[in-house]
Each structure stands twice: as C-alpha cells, then as structure tokens.
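# Close look at the chain arrangement
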Amino acid sequence: MNKSVSLFALARKNVTTNAWMNVKMCFTFACLAFLVCLFLTYNTALNEKRNELIESGASANYVLSKEEIGDGLKESVEIAEHATYDFYSFRDKTLETYGTAIDLTTVLTQAATGGAVYEARTSIAFSAVACGETPIFRDGDYVELLRDYGYHTVFYKGRLPESEEEIALGAPLVRAYKLKADELVGKNIAISMRLPDGSMRSVLSGKVCGIVRSEYYELAGHDSGSYFRPNIFLSEGNPIMKNSDTYHYYLLSEWPEETPMREFMGKFTCTYPGNGLVIGIDTVNGVQELAFNLYVIVGTALGVGLVLTIFLMIDKYVRVFSRTSGILLAFGLEQKKLHLLLLLQLALLCAAAVPLSLVLSVTGYTVINAVIRSVTNVRLGVSFAQIAGMFGIGVAAVLLFAGLFFAYALVRMRNFTVREFLTVEVD
C-alpha cells in the first residue's frame, strides 16, 4: 500500500515538475474532446428540436379543401391519404333558410335539456360533421394529445354517435351554456335559435352520447385557426346532413418545405393548418445544415491541427518521461512499476481534462445557442440527459486519447535499455 502511495506521489511530482508541458497536454486533450462533444450534442439538440416541432403539430399536417385538388397537390407534396368529410355549417345554412345566421354575436341561441332552458353565455360557432367509416380523429391527434396533455382519448366521456338519434358535442359548445359533461351525457337536448320576429326555431335535437374534451380544440390542427373544428358530431344518416357540404381531406406523408407549401397554397383555395410549423421546421433544417457545414470545414481543420499538436507533444512527453525513467530504473524501479507510473501520470491528466472538456462544451453550446437564437429565434434547450451525455462523451474521448498515448509510449520505450533511457535527448 505504501509503495502504491509512493508511486502516486512520484507521478504527481513528475506532473508538477513539468507543469507547463502537462497543462498544455491537458488543455489539448480537453479541446479535442470538446470538439467531439459539441458536434454530437449540438446535432442531437437540433434533431430533438425538429422532432419537438413535428410532434407539437402532429395533428396539423393535412390540407382541407371544398374542391378535389389531389392531382394538383401531388405536384408539390406527397399525399398519404385522401378522404372526404361532410360538414354542416349552421351559420351558412340558417342564413340561407331564415335570413339570420346562428351566430351568438348576432342572435340568441338556447339549449333545452330535461325541460330546463339554458342561454348561451359566450360566442360559439356551430359546425357539425358526419361520422362514418372514415375516422374523424387521426393518429396525429392522439400523438399530440398524449404529448401535450397526457390523454389517450379525445373523449372526456362517451363516444361518437351510432344512430340518427344520437349526437356528440364538443366541450367548447357545452361550456358556452355553462353546463357540465356529466349533466348532458345520456340526456335528450334541443338546440334552438331565436328568429328576428322573436319566435324560436329548433335546429337540432337528439340524445347526447359523448363529449369531446376541450384539449382536442387546442391541438395545432383543430385550434381556432382551423376549419376542421366540429363541435357537433352526427351519424351519416342524420337528416340534417342531407344539406351538408363535402370537404376533401389530404393527409400529407411528410412535412413539406416552405417553397412547395407556398406553391400549393397560392394555387388552390384550401386550408393548411401546418403552415406556421413548416416555417419553423425549415428554419431548424437550415440551422442544422449550416452547423454541419461549419463543423465539417472548421471542425476538421481544428481536429487535424489538434491531432498533429497532440502527436508532437506526446513525442516530447515520451522523451521527457524516458529521461526520468532512466534515472528511476538506475535506482532499482521495476519495468512494470515504470509502466504503472506512466499510467498514473496519464490518469492525472485525464482527471483534469475531463471536467475542463465538459466546461468548454457547455460554454461553447451556450454561446452558439445564444447567437443562433438571436439570429433565427430558434431556442435549443440543454436537458440533464444531454449534459450527462456530453460528460460521458468527454470522458470517452479523453480516455481514448490517453489510451492511444499510453500505447504509443509503450511501443517507443519497450526495447530501451537504462543507458538508452539516460541518453534520450530532450529539446
């Protein structure tokens, strides 16, 4: 034990004796590890940012149009699925029929349930969709709903209608009447509107079979800026849907680039809820491409320079250590102990280089992130997992360099005699 302690003390003494050379070696190791860490971590952060943007708008990557535009759309983007939905806009239809739109900003709408009459307290647009074989709720809806809110289903309670007499309602519509889902599910309701002459006219009635949760209407593909935002769900056989309008729904295979997106939006009368996200994704893609090119050019140049610098420093380090080795061997130190001494000295270098590489990596990441944020408004976060990853990469890189250093030194010194050790020239 005392011999081990003495050997460690000797290694520390050798390091401090040639302090400047060891500081340069340690800093060079740390810089090379820093380049590796920064490249991997920054690309990981950009990929995570891109995936985050895509997941945040998973429900919005579709095009909706009153006209069939599939053939023309294919010239700009790839379509995964084409479906049709029957929508019934109460505002448009009641305006055609009665000359007054069922719009709470202009008329009074009332809902009757269980004999009680409830007056709507806030403005709400009435829009119904027919539920048939084509799914109303898509995979992207569930992905985004789970990611943002932790829900596996769009229904707060109940289900979609299965017969003409059933209807499902959206939570915003229920909230407009200051009602609760538990008070409506299973109850028969009638929605009526007041005409200009003061009379009431029923526009919809049925048994409530389900309530779609409010979070569905906050998804990127169904928020206030999207037309695909029905708050009344009816069966295909419901009489009211006979006067519905057919909309064409095009689910896109991939997120389009900004130029193709602008092309089809300028060419057709359509709605694309994902347009804002496309711009964000394109920005991240641009930053990622720029960062990769910079790393290839600048990183390669710096990496090659650092590797050559390390090689030259290692060569001098081996010669200095060889002179010391000759003295120690002359005083009876065993060859195995000499190798262990070199390993201990390298361990001390690694112990200093690892935290230094981590500090350099975090500082470099923070500075570059701040510059990119000021120029492109893209914010990248460093999570604990990323910091741990950087640290692990830094440790691995430094240990790899130290291992190569140790192997090179052993090869250089393996056949040296004591006399040859003592006569090694040091510049």
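In this report, we go over the structure that sits alongside the text. (Residues numbered from 1 in each chain as written. Predicted model: local features only at pLDDT ≥ 70, side-chain atom pairs only at ≥ 80, totals over all residues. Heavy atoms only, no water.)

### Here's the deal with the overall build of the protein chain
- If you tally the helices and strands in the protein chain, you get 12 helices and 11 strands.
- Since a compact globule built from 427 residues should have a radius of gyration of about 22 Å, the 35 Å found for the protein chain marks it as more spread out than a globular shape.
- Residues counted as buried form 45% of the 427 residues belonging to the protein chain.
- Roughly 21900 Å² of accessible area belongs to the protein chain as shown, and the carbon and sulfur atoms make up 57% of that amount.
- Taken as two groups, the 37 positive and 42 negative side-chain charges of the protein chain have centres that lie 15 Å from each other. (Helix = DSSP H or I, 4+ residues; strand = E, 2+ residues; numbered from the N terminus. Rg over C-alpha atoms; globule rule 2.2 N^0.38 Å. Buried < 20%, exposed > 50% of the residue type's maximum accessible area, 1.4 Å probe, protein only. Areas by Shrake-Rupley, 256 points an atom, 1.4 Å probe, with all protein chains shown as cover. Lys, Arg positive; Asp, Glu negative; His and termini not counted. Charge placed at Lys NZ, Arg CZ, Asp CG, Glu CD.)

### Let's talk about the layout of surface pockets
- Reported here for the largest pocket is a volume of approximately 440 Å³.
- As for the largest pocket, its lining consists of 20 residues, and the residues nearest its centre are Ile-124, Ala-125, Phe-126, Arg-229 and Asn-231.
- Contributions of two or more residues to the lining of the largest pocket are made by α4 (90-98) and α6 (171-176).
- Each residue belonging to the lining of the largest pocket can be placed in one class, and the counts come to seven nonpolar, seven polar and six charged. (1 Å grid on protein atoms, 1.4 Å probe; cavity = no way out; pocket = protein on both sides within 12 Å on 5 of 7 lines; lining within 4 Å. Points joined across faces, edges and corners; volume = space filled by probe spheres on them. Nonpolar A, V, L, I, M, F, W, Y, C, P; charged D, E, K, R; others polar.)

### Observations regarding a nonpolar patch on the surface
- Taken together, the side chains of Leu-290, Phe-292, Leu-294, Val-296, Ile-297, Val-298 and Leu-302 define a hydrophobic patch exposed on the protein surface, amounting to about 660 Å² of accessible area.
- When its relative accessible area of 52% is taken as the criterion, Leu-290 is described as exposed. (Patch = residues over 30% accessible without salt bridge, like charges linked within 9 Å, V, L, I, M, F, W, Y side chains within 5 Å. Salt bridge = Lys/Arg side-chain N within 4 Å of Asp/Glu carboxyl O.)

### Some words on the nonpolar core
- Counting residues in hydrophobic clusters, the biggest one holds 66 residues, and the most contacted among them are Phe-29, Val-63 and Phe-264.
- At the level of secondary structure, the elements contributing two or more residues to this core comprise α1 (2-17), α2 (19-56), β11 (245-252), α8 (258-267), α9 (275-330), α10 (335-376) and α11 (384-413).
- Sorting elements by how many residues they give to this core places α9 first, with 17 residues.
- Phe-29 has contacts with Ile-310, Ala-353, Val-398, Phe-401, Ala-402 and Phe-405, leaving out every residue within four places of it along the chain.
- Judged by nonpolar contacts, the second largest core, of 30 residues, contains Ile-124, Phe-126, Ala-130 and Leu-173. (Core = buried A, V, L, I, M, F, W, Y, C linked by side-chain atoms within 4.5 Å. Contact = heavy atoms within 4.5 Å.)

### Digging into unusual backbone geometry
- Non-glycine residue Lys-178 carries a positive phi angle of around 55°.
- With respect to the element layout, Lys-178 can be found in the loop between α6 and α7 (181-184).

### Points about the state of the cysteines
- Counting across every chain of the model gives zero disulfides.
- Just so you know, Cys-209 is unpaired, no disulfide at all, and the nearest cysteine sulfur is the one on Cys-131, 8.2 Å from it.
- Free of any disulfide, Cys-350 has its nearest neighbouring cysteine sulfur in Cys-26, separated by 8.6 Å. (Disulfide = S-S within 2.5 Å.)

### Describing the pattern of salt bridges
- Considering all chains together, one arrives at eight salt bridges under this definition.
- Close ionic contact of Glu-75 with Lys-267 constitutes a salt bridge, the shortest N to O distance being 3.3 Å. Here the residue Glu-75 occupies a position in the loop between α3 (70-73) and β2 (79-89), and Lys-267 occupies one in helix α8, the gap between them amounting to 192 residues.
- Residue class for Glu-75 comes out exposed when judged on its relative accessible area of 62%.
- Since its relative accessible area comes to 47%, Lys-267 is described here as partly exposed.
- Ionic pairing is found between Glu-162 and Arg-159, a salt bridge with its closest N-O pair at 4.0 Å.
- Judged by its relative accessible area of 64%, Glu-162 is exposed.
- The network of salt bridges with common partners includes Glu-55, Arg-147 and Asp-148.

### What to know about the environment of Ala-168
- Along the polypeptide, Ala-168 turns up in strand β7 (residues 166-170).
- Along the backbone, Ala-168 and Ser-224 are 56 residues apart, and their C-alpha atoms lie at a distance of 20 Å.
- The residues contacting Ala-168, other than those within four sequence positions of it, are Phe-155, Arg-159, Pro-161, Cys-209, Gly-210, Asn-231, Ile-232 and Phe-233.

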